[in-house]
Every structure is written in structure tokens, then in C-alpha cells.
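Secondary and tertiary structure notes
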Amino acid sequence: MITVNKLKMLLAEDDIVLTAGENGLHKMIEFINVQELAQKSSWMKRNGFILTTFNDFEDTSSILEQIQWYAQMEASGVGFHTAKHREIPVEIIDFANKNHFPIFKIPSDFPYYRIYERVNDYLHKESEKLKEQIDKVSESMLNAVLLEKETHHIIHMMGNFLNVPVIYLNEDLETNSMWSSQRYSRSGINNVIKEMLSKEGQLFETCKISRIYQESSFYKVGDTNLSFTIFPLRNGTGFFGYLLAAIPRKEYSFYEVVIKHGITALLLDALKKNATKQFIKNQDIQLFEQIFCGGGVRDLDLDSIHYPVTKLKQIFIAETSDISIIKDQFLRLETIIHDRAQQELMWISGNRIIGLLTFPASHKIKEAVAKELAGITVGYSDSRWEYGSSGIKKLYEQAEYTLKHANINNKAYAEWQDLKFNKFIYSLDQDHFLYNYEWEVLRPLLDYDHEKETDLVNTLYVYLNSFFSLKDSGEALYVHPNTVKYRLEKIKELLPNIELNDPEQYMNLMFALKLQNYKEKNHL
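Residues numbered from 1 in each chain as written. Predicted model: local features only at pLDDT ≥ 70, side-chain atom pairs only at ≥ 80, totals over all residues. Heavy atoms only, no water.

Section: the overall build of the protein chain
Along its length, the protein chain carries 17 helices and 17 strands. For 524 residues, the compact-globule estimate of 2.2 N^0.38 gives 24 Å, and the protein chain exceeds it by more than 25% at 38 Å. Across its three principal axes, the protein chain shows a C-alpha extent of roughly 120 × 60 × 35 Å. Relative to its full complement of 524 residues, the protein chain shows a buried share of 46%. (Helix = DSSP H or I, 4+ residues; strand = E, 2+ residues; numbered from the N terminus. Rg over C-alpha atoms; globule rule 2.2 N^0.38 Å. Buried < 20%, exposed > 50% of the residue type's maximum accessible area, 1.4 Å probe, protein only.)

Here it is, written out as C-alpha cells:
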């Protein structure tokens, strides 16, 4: 792409002169095309430079009409070849001057291909020059990281080269660094950023999660309308903010190499600065995992944890069966939680995401997680605990139980208070001595069901759950109440020492039945 003024300079030595429209020299030329037919073609695009002899046009009025159409279609100018019409008519010159539409006079013996050669040769040299500049600025940006210079040096080099406003927002959407030419004030750019975050906050989230750059709407800065291309700064599960550059998306390919090298430099800089922070976080995670596993962490050791343990309110465990999506789900979850507080600790462990919260997750947050994280099941602990490593371990175990409960019941998430009686059942399952408790109580029924392919165990469970109602039990089992009555007689025959109306025996049976039901659902 070149300007009309640059074309004028390139063609001057070939005696091709600008005859009219000097006030249009600033116009950009995106392509050069030859057109000899007297027609107004639909292929005509803006910013084209037309070469023509007007051979197909018989009089001045028809030529003028065609040039007026070129101007209407926002052509950049016309090269009027004098092979047929030796002079450019005055009416055309007057129109061109009045409408700032550049017209060049091309000698009658000058071939078109020479114009293409001139332009292509210039563009090739400019391309080589640009490549050298890109290599130089890219090397300088990487050197800035190695020399431990401030982030502003990288942003400054990018802005100087691109000659457009460039902004670096950190992960909290705060302006870390900015470069802008004198054409735009810093306060004007800051106001645009605030307006953009207010109106298009979701665009930033999309950019972060999809890892694909996005283009903002246009915003007024001084006397100019600017659109920003937003680039996410991500490395694996690490997210370090956004790079904003005031270049239209369609022009991105022209600046692509510098922007990519700039992003690499910013990521290296962020990773370098984040190394200490990540080391501290990893130490905290190791200590917490030791606590979860009962690794003998003393309460005194909690003082060495950098996470604000005294503010801990809740632990959650999110689980997925598709390990390939867990990194993206981690970022989505982090974004939802991050909107509420800044001191949360989260990490990936196998197919799980473990999170420590300094606030109890609200119903709104839980529903947002369930809605936005398809394929993830979450268990939330209670929000009340006693300080110390045993209290932390208790919260973690509660989160494991609630996760188990959510999976068994095909729910997106479960809370500690949802478990009710099942808290005892899940605890029994972990007890070495009580692992086969249901067999000790229900063995005659279990053996009979297995041999005769009957449903006595389930019938007893439904009957006790419906508080001895034959009618409700029949409806739940889809059988006649008399069938339920017959089965109960068989149950009493197999369990002759059981008295269902006895509170202690009732509780004993319910424990065993719920444990059996839980194991059956989990194929244990």
C-alpha cells in the first residue's frame, strides 16, 4: 500500500505528471488496475488506482461521467494514458481539482507494465526495510527482558514502531503500562479503557478463555475514532493480563510479527516476575496436600503458609471425567471466583480442581459455575470450621463427601447441608470395621434377592422411607399395596428377630439400607 504522493515521486522520472487533484495526494492506494471498457463494474473497490486510455469513450462527457463514478466509488486516482486522447479535457481537470481527485497524465508511448515495475520495486525495497526494522525491534524487546528492564520499555518499543496507542492491562484489568503518541492524551486513553471495560467486559472474558484475539467497538479519542485489538497474555494455565493495540483487526497481519514478539517478551517478563510468587504458591499447595492426606502437619507449621489461613471459610473440589478440558475449565472457574475476591488459592490435581475460599461461595456463584462449566461436578464443604490442620482436613473431607453425593445423584454440585443422613453413610464407607455393615444386617434378604431375583431389599427401603405406608410404597414401586404387604411378610420370615416398630432396630435397618443403596449406585 502506498500513497498517491509516493506514486507521484516514483513516476516523476518517467515524465508522468500529476495534472489535477493535488489536494488528494494523501489518499492511499491499495491496488492498481487497468480498465478500458466503458462500463461501471460491480467489482470496483475503494482505494484503487485506475490506468486507462479511455479508448472505449467517444466524447468528453462520457469520460467525465466515468471519472465522476470513479470518485463516487472512492478510487484513489486515475492514470490518464494519452494513446488516444492526446490531451486531458479541461472539464475533467476542473472536476478533479474541485473534488481533490488525482489525475496523472501518462505519455502516449509509455507502457503500463513499467508503472507496475516501479511500484513493485518500491514495495519490495520497503518490505525489506520493514523486515529489518521488525527484526531490530523484536530483538530489542527480548533484550529488555534479559536486561531486566521495566515492562514499560517493551510497551514503549511496540508503540513507537506501530505508532498507535498500546496498553498493557494486568490480570486485574488495571493499567500496568501505556504508550501513546502526542496525538492522544493519556487521560483520553484511560477514559476509553474504562468505557471499554464497562461496556465490553464480556469481550475480555471471551478473549481470555478462547485464547483468540478480539476486536473492540470504536471509541472517540479526541477527534479520532479508535478500535482496539485485544490479545490475551496466556501461558498454559498462567494468565497475565491483556495487550491492547489500536489497530483494526483487518490490519493485524501487517503488524503480526512485532505483536507476536511483543507478546512473547511480555510473557517472559511476567513469568520471570511471577517465578517467586509461584514458588511460594507451590510451597503452600504442598503443605495443604500434606494436611489433606493426614501427613502430620502441625498447627505450628501453618504459620509458614503464605495463604491467609485464618480467613479460610470453605474448600471446594471440582471434578471432570474429561482431563483435556481441565485447563480451560480452571481459567473459567478462576474468573468466576476472582470476581468475588482476590486471595483465593486454586490448583489442578489430576482430574480435579481444588479451591480454598476466604468467603462462603454464594448460591449465585455456585449456579454460575454449574452453568458455565459443563462437564464439571463440584462439592462444597461447610463454611464453619475450627482453626488448625485438623480443621482444614475436615473441610477437605466434607468437600470430598459432597462431591461424591453430587456424582451419585447426577447433580452439578452439592453442599454439605444437602447430605443430611448420608453424612453417616459416607463415613461408614470409610470405616474399616463397618465396611460390610449392610451384609451383617441384611444378609438373608440380599442372598434371597440374589437367588430368586426378587426385590425385597429395595421394598424394605421404600417402605421404611415412606413411614410404613403400603399405599405410598406401592406407588413408588409401581406395584399393588397387597404386593408390598406380601413382600413384607416374606421379609419378616427371613428376618424373624427384627421388629420394624422398634426405634433402635428401625435406625439400624435404615443405616444398613442406605449404605447398601449407596454402594449399589457406586457399583461398590
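Having seen it, we continue.
With respect to the sheet that holds strand β13 (residues 314-320)
Strands sit in the order β14-β15-β13-β16-β17 across an open sheet of five strands; the sheet is mixed. Of all the strands in the sheet, just β14 (345-349) and β17 (413-415) have a single pairing partner and so form its edges. Averaged over all adjacent pairs, the angle separating strand axes in this sheet is 15 degrees, with direction ignored. In this sheet, strand β16 (residues 376-380) lies alongside β13 in antiparallel orientation, the contact comprising five bridges. Within the sheet, the bridge partner assigned to Ala318 lies in β16 and is Val378. Against the sheet, helix α10 (residues 363-372) contacts β16 and β17, and its axis sits at roughly 155 degrees relative to β17. Sitting on the sheet, helix α11 (residues 389-408) is in contact with β13, β15 (352-357), β16 and β17, with an inclination near 40 degrees to β13. (Pairing = 2+ DSSP bridges. Axes fitted to C-alpha atoms, helices over the stretch in contact; angles between N-to-C directions. Contact = heavy atoms within 4.5 Å.)

A closer look at the confidence of the model for the protein chain
When pLDDT drops low, the exact placement of atoms in the prediction is not to be read closely. Summary statistics for the protein chain give a mean pLDDT of 86 and a share of 94% for residues scoring 70 or more. Taken element by element, the predicted model of the protein chain shows its lowest mean pLDDT in helix α12 (residues 422-430) (70) and its highest in strand β7 (residues 103-106) (96). (pLDDT = per-residue confidence, 0-100.)

Notes on the sheet that holds strand β8 (residues 166-169)
Strand order in the open sheet formed by five strands is β9-β8-β12-β11-β10, with antiparallel pairing between adjacent strands. Single-partner strands in this sheet number two, and they are β9 (175-179) and β10 (214-221). Each strand axis lies, on average, 20 degrees off the axis of its neighbour in the sheet, ignoring direction. The pairing of strand β11 (residues 224-235) with strand β12 (residues 238-245) spans six bridges and is antiparallel. Looking at the pairing, Thr229 lines up with Ala245 of β12. Relative to β10, helix α6 (residues 186-199) is tilted by about 130 degrees, and along the sheet it contacts β8, β9, β10, β11 and β12.

Thoughts on empty space enclosed by the protein
A complete count under the given rule lists one cavity of 30 Å³ or more for this structure. There is about 40 Å³ of room inside the largest cavity. Along its surface, the largest cavity is lined by Leu460, Ile491, Lys492, Leu495, Ile498, Leu500 and Leu509. Class assignment of the residues belonging to the lining of the largest cavity gives a composition of six nonpolar, no polar and one charged. (1 Å grid on protein atoms, 1.4 Å probe; cavity = no way out; pocket = protein on both sides within 12 Å on 5 of 7 lines; lining within 4 Å. Points joined across faces, edges and corners; volume = space filled by probe spheres on them. Nonpolar A, V, L, I, M, F, W, Y, C, P; charged D, E, K, R; others polar.)

Here we look at helix α5 (residues 151-162)
Helical periodicity: at 3.6 residues per turn, an α-helix aligns residues three or four positions apart in one direction. An ideal rise of 1.5 Å per residue puts 16 Å on twelve residues; α5 measures up with 17 Å between its terminal C-alpha atoms. Listed in full, the buried residues belonging to α5 are Thr151, Ile154, Ile155, Met157, Met158, Gly159 and Leu162. A positive phi of about 60 degrees marks Asn163, the residue just after α5. (Expected span 1.5 Å × (residues − 1).)

Points about the pattern of salt bridges
The tally for this structure, following the rule as stated, stands at 20 salt bridges. Taking the shortest distance from any N to any O, the salt bridge between Arg118 and Glu13 comes out at 3.2 Å. Taken together, the residues span a long stretch of sequence, with Arg118 in helix α4 (residues 112-146) and Glu13 in the loop between α1 (4-11) and β2 (17-20) at a distance of 105 residues. The class of Glu13 is exposed, set by a relative accessible area of 60%. (Salt bridge = Lys/Arg side-chain N within 4 Å of Asp/Glu carboxyl O.)

Quick look at the packing of aromatic side chains
In the structure shown here, the tally under the stated rule is 16 aromatic pairs. An aromatic cluster is present here, built from Phe288, Phe292, Tyr307, Trp347 and Tyr396 joined pairwise through their rings. A cation sits over an aromatic face here: Lys366 above Tyr380, 4.9 Å from the ring centre. (Phe/Tyr/Trp six-rings, centres within 6.5 Å; stacked < 30°, edge-to-face > 60°. Lys NZ or Arg CZ within 6 Å of the ring centre and 35° of its normal.)

Concerning α4
The end-to-end C-alpha separation of α4 is 51 Å, in line with the 51 Å expected for 35 residues at 1.5 Å each. Turning to α4, its buried residues number three or more, namely Tyr112, Ile115, Val119, Tyr122, Ile134, Val137, Ser138, Met141, Ala144 and Val145. Positive phi appears at Glu148, one or two residues downstream of α4, with a value of about 60 degrees.

Here we look at the packing of helix α14 (residues 456-465) against helix α15 (residues 470-477)
With their axes 9 Å apart at the nearest point, α14 and α15 run at an angle of 130 degrees to one another. Overall, the two elements α14 and α15 adopt an arrangement that is oblique. Crossing angle aside, the handedness with which α14 passes α15 is right-handed. Counting all contacts with α14, which are made through Asn458, Thr459, Val462 and Tyr463, the residues of α15 involved are Leu470, Ser473, Ala476 and Leu477. In terms of residue class, the contact of α14 with α15 is built from five nonpolar, three polar and no charged. (Parallel < 35°, antiparallel > 145°, perpendicular 65-115°, else oblique. Left-handed = near helix turned anticlockwise from the far one by under 90°.)

Notes on the packing of α4 against α5
Relative orientation of the contacting elements α4 and α5 amounts to 170 degrees, with a least axis distance of 9 Å. In terms of their interaxial angle, α4 and α5 are classed as roughly antiparallel. In this structure, α4 contributes Leu130, Gln133, Ile134, Val137, Ser140, Met141, Ala144 and Val145 to the contact, and α5 contributes His153, Ile154, Met157, Met158 and Phe161. Looking at the contact of α4 with α5 residue by residue, the classes come out as ten nonpolar, three polar and no charged.

Some remarks on the side chain of Asn170
As for its placement among the helices and strands, Asn170 is situated in the loop between β8 and β9. With a relative accessible area of 14%, Asn170 lands in the buried category. One polar contact links the side chain of Asn170 to the main-chain amide nitrogen of Asp172, over a distance of 2.9 Å. Discounting chain neighbours no more than four positions away, the residues touching Asn170 are Asn176, Phe240 and Gly241. (Polar contact = N/O pair within 3.5 Å; in protein donor to acceptor, adjacent residues only side chain to side chain.)

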